[in-house]
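Structure assessment
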Amino acid sequence: MRRTLVLVSLAVTSMVALAFLIPLALTVREIARDRALTTAERQASALGPVLVVTEDPAALERAVASTQAGAAGRMTVHMPDGTLVPKREPGDPSARAEQLMEAGRRGRSYTARVSGGFALLQPVSLDAGRTAVVEVFLPDGDLTRGVWKAWLVMTAVAAALVAGSVAVADRLGNRMIRSTRRLAEAAAAFGDGEMSVRIEPDGPPELIEAGLAFNAMADHVVQLLSAEREMAADLSHRLRTPLAALRLNAEALGKGPVPDQTRDAVDRLEREVDQIIRTVRRPTGRGSCDASKVLRDRVGFWSVLAEDEGRSCELIGAEGPAPLPLPGSELAAAVDALLGNVFRHTAEGTGFVVTLHQGQGVTGILVADGGPGIADPDAALKRGSSGGGSTGLGLDIARRAAESTGGYLRIHRSVLGGAQVQMWFRTKWLPPARRSRRLVRRRHSRT
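Owing to the predicted nature of the structure, the values given are computational and were not obtained by experimental measurement.

The subject of this paragraph is the side chain of S179. Locating S179 in the fold gives a position in helix α7 (residues 147-191). For S179, a relative accessible area of 7% gives the class buried. Setting aside residues up to four positions removed in sequence, S179 forms contacts with D202, G203 and L207.

And the structure:
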């Protein structure tokens with residue numbers, strides 16, 4: 001955005017500067033030309049009274065020499081008899097005969113193009129209908145004297161104006177970008193579980209409104225989470241009384257397989273209730289873990305069962321640390337769900353491979369097996385409709401774990417011939433995708 005504002009300011013200011021600079025440059029050139037011609041015409045007209053009074057060559061030479069152009073050797077008087085005063089050297093720029101005749105015919109000053117510049121021809125009427133012509137030679141340099149300097153000054157002024165406008169646009173853009181980045185960083189921190197994050201809105205009015213809306217949204221989310229935790233904690237504590245009754249009844253059952261299973265079930269239920277209470281009392285932050293460590297632990301756990309069933313088991317890419325913005329318990333539950341599906345839905349002796357892949361901003365965990373595969377991956381991703389007698393809860397647990405970090409779950413065919421379940425986790429916060437303009441216009445049209 002900042003670069004766009006700078007480029008727009010540069011383009012607009014440059015166009016405005018050129019719109020004024022080009023006509024002004026042409027005007028300056030015409031003014032310099034007119035000034036040189038006017039000066040030459042004034043000096044040529046100064047010889048008119050002298051020619052009316054005398055035609056003496058000596059007197060005319062003195063009159064010519066008294067002018068600026070004459071002193072520079074650029075003025076000549078063409079007498080009616082063809083005499084030149086003062087005389088010129090061969091090769092000096094001079095008007096042609098037809099140009100002299102044209103000036104006499106017009107009866108006024110006339111500018112003609114000659115070698116190396118222009119000749120101003122000023123006719124002077126003498127007695128008996130005779131006409132003398134005063135010629136003033138103007139080199140090309142006299143017609144453009146001072147023009148290049150004026151053009152350089154105007155170009156420098158235009159460049160300074162353009163640079164000033166770009167600097168102002170960059171400053172405004174920096175202010176806007178700073179406010180936008182602050183809002184984005186606050187949103188990212190809030191998404192990572194820092195519920196106390198709030199921002200001090202500043203910048204343009206639209207960003208101030210967005211900042212206020214973010215603070216209001218954050219307060220509302222905190223209130224909702226607090227109410228949810230209180231409700232879960234209250235429900236968990238209410239379960240204590242019936243659990244205590246179940247415990248007493250289970251203890252009274254005596255000994256045997258069924259009573260032992262009942263007591264084990266009550267024990268698991270109590271542990272789950274305790275876990276719920278600890279979870280709701282835990283801070284709201286998501287937490288993080290080392291994916292490599294979790295994978296080594298879970299694959300090591302399942303490798304014992306794999307060895308009993310004659311399955312090959314391999315873990316790839318988990319040598320170094322792999323930080324993941326997900327609690328280790330949730331990642332372990334997702335990995336257990338996927339590996340449990342392998343043991344549950346493939347025959348004994350079917351091998352599997354777990355691969356950890358770390359990319360830029362993403363981390364992937366790929367579980368591939370050599371079983372029959374999944375006929376309909378899209379249906380398998382829908383909870384309760386994966387087929388094969390499965391409820392789809394394992395894939396749902398893995399999908400929710402990946403999506404909690406902004407990632408996703410995909411099912412493909414593995415190189416082993418079976419299914420490959422891919423969990424992709426985002427390790428860096430990315431801004432949400434920009435909505436299409438068509439969708440925005442459609443929503444505006446409905447309001």
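That shown, we press on.
What follows covers the packing of helix α11 (residues 291-308) against helix α12 (residues 328-345). Direction vectors running N to C along α11 and α12 enclose 30 degrees, while the axes themselves pass 10 Å from each other. As summarised for this structure, α11 and α12 are arranged roughly parallel, according to the angle between their axes. Crossing handedness for the pair α11 and α12: right-handed. Contacts between α11 and α12 involve A291, V294, L295, R298, W302, L305 and A306 from the former and G328, L331, A332, V335, D336, L339, G340 and F343 from the latter. Here the residues of the contact of α11 with α12 are counted per class, giving 11 nonpolar, 2 polar and 2 charged.

Examined bridge by bridge, strand β11 (residues 408-413) and strand β12 (residues 419-426) share 6 bridges and lie antiparallel to one another. Note on β12: the bridge partner recorded for Y408 is W424. Counting the residues that bridge the hairpin from β11 to β12 gives 5 residues, and of these G417 lies at a positive phi of roughly 105 degrees.

Strand order in the open sheet made by the 5 strands is β7-β9-β10-β12-β11, with mixed pairing throughout. Both edges of this open sheet fall to β7 (313-316) and β11, since each of them pairs with a single strand only. The sheet shows a mean angle of 15 degrees between the axes of neighbouring strands, direction not considered.

Quick look at the pattern of salt bridges now. Tallied over the full model, the rule gives 11 salt bridges. For R106, the salt bridge goes to E102, with nearest N and O atoms at 2.9 Å. In this pair, R106 and E102 both sit in helix α5 (residues 97-106), 4 residues apart, roughly one turn of the helix. Ionic pairing is found between D336 and R298, a salt bridge with its closest N-O pair at 2.9 Å. Of this pair, D336 sits in helix α12 while R298 sits in helix α11; the two residues are 38 residues apart in sequence, bridging distant segments of the chain. Take D336: its relative accessible area is 21%, and that puts it in the partly exposed class. What emerges from the salt-bridge pattern is a single network uniting D396, R399, R400 and E403.

Applying the stated criterion to the full structure yields 5 aromatic pairs. Taken together, F301, W302, F343 and F352 form an aromatic cluster joined through their ring pairs. When the ring centre of F301 is taken as reference, the NZ or CZ atom of R298 above it lies at 4.7 Å. Over the face of the ring belonging to F343 we find R311, whose NZ or CZ atom lies 4.7 Å from the ring centre.

Moving residue by residue along a regular strand, the side chains alternate between the two faces of the sheet. Where burial is concerned, most of strand β10 (residues 362-369) is hidden: 7 out of the 8 residues are buried. Note that strand β9 (residues 352-358) and β10 share 7 bridges and pair antiparallel. Across the sheet, the residue bridging to F352 is D369, located in β10. Hairpin connection of β9 to β10: 3 residues between the antiparallel strands, including G361 at a positive phi of 85 degrees.

A separate point is the sheet that holds strand β1 (residues 75-78). In space, the 5 strands of this open sheet follow the order β2-β1-β5-β4-β3, with antiparallel pairing throughout. The open sheet terminates on both sides in strands that have one partner only, identified here as β2 (84-85) and β3 (110-114). Note: β1 against β2, 2 bridges, orientation antiparallel. Looking at the pairing, H78 lines up with L84 of β2.

Glancing now at the UniProt feature "transmembrane region" (unreviewed entry) in the chain. Look at the UniProt record and you will see "transmembrane region" (unreviewed entry) annotated at residues 148-169. Here residues 148-169 runs as 100% helix and 0% strand, with 31 Å between its end C-alpha atoms.

Once that is clear, we can look at the nonpolar core. Formed by 34 residues in total, the largest nonpolar core has its most connected members in L331, V354, I365, M423 and F425. Counting only elements with at least two residues in this core, the list comes to α11, α12, β9, β10, α14 (393-403), β11 and β12. With 8 residues, α12 is the largest single contributor of residues to this core. The residues touching V354, leaving out its near neighbours within four places in the chain, are L295, V299, E314, L315, I316, L339, I365, L366 and V367. One finds V64, V77, L120 and L138 within the second-largest nonpolar core, a separate group that totals 23 residues.

A word on the packing of helix α1 (residues 2-45) against α7. Where α1 meets α7, the closest approach of the two axes is 9 Å, and the angle between their N-to-C directions is 165 degrees. It follows that α1 is roughly antiparallel to α7 by the angle criterion. As α1 packs across α7, the resulting crossing turns out to be right-handed.

Before going further, it helps to examine the environment of S94. Mapped onto the secondary structure, S94 falls in the loop between β2 and α5. By relative accessible area, which is 29% here, S94 ends up partly exposed. For the pair S94 and V136, spaced 42 residues apart in the sequence, the C-alpha separation amounts to 9.1 Å.

What follows covers the side chain of T67. Within the secondary structure layout, T67 lies in the loop between α3 (57-65) and α4 (68-71). Take T67: its relative accessible area is 11%, and that puts it in the buried class. A distance of 3.0 Å separates the side chain of T67 from the backbone nitrogen of G70, its partner in a polar contact. What T67 contacts, discounting residues up to four positions off in sequence, is Q43 and M75.

Basis of the calculations
- Residues numbered from 1 in each chain as written.
- Predicted model: local features only at pLDDT ≥ 70, side-chain atom pairs only at ≥ 80, totals over all residues.
- Heavy atoms only, no water.
- Helix = DSSP H or I, 4+ residues; strand = E, 2+ residues; numbered from the N terminus.
- Buried < 20%, exposed > 50% of the residue type's maximum accessible area, 1.4 Å probe, protein only.
- Contact = heavy atoms within 4.5 Å.
- Axes fitted to C-alpha atoms, helices over the stretch in contact; angles between N-to-C directions.
- Parallel < 35°, antiparallel > 145°, perpendicular 65-115°, else oblique.
- Left-handed = near helix turned anticlockwise from the far one by under 90°.
- Nonpolar A, V, L, I, M, F, W, Y, C, P; charged D, E, K, R; others polar.
- Pairing = 2+ DSSP bridges.
- Salt bridge = Lys/Arg side-chain N within 4 Å of Asp/Glu carboxyl O.
- Phe/Tyr/Trp six-rings, centres within 6.5 Å; stacked < 30°, edge-to-face > 60°.
- Lys NZ or Arg CZ within 6 Å of the ring centre and 35° of its normal.
- UniProt positions renumbered as here; feature names shortened; annotations may be inferred.
- Core = buried A, V, L, I, M, F, W, Y, C linked by side-chain atoms within 4.5 Å.
- Polar contact = N/O pair within 3.5 Å; in protein donor to acceptor, adjacent residues only side chain to side chain.

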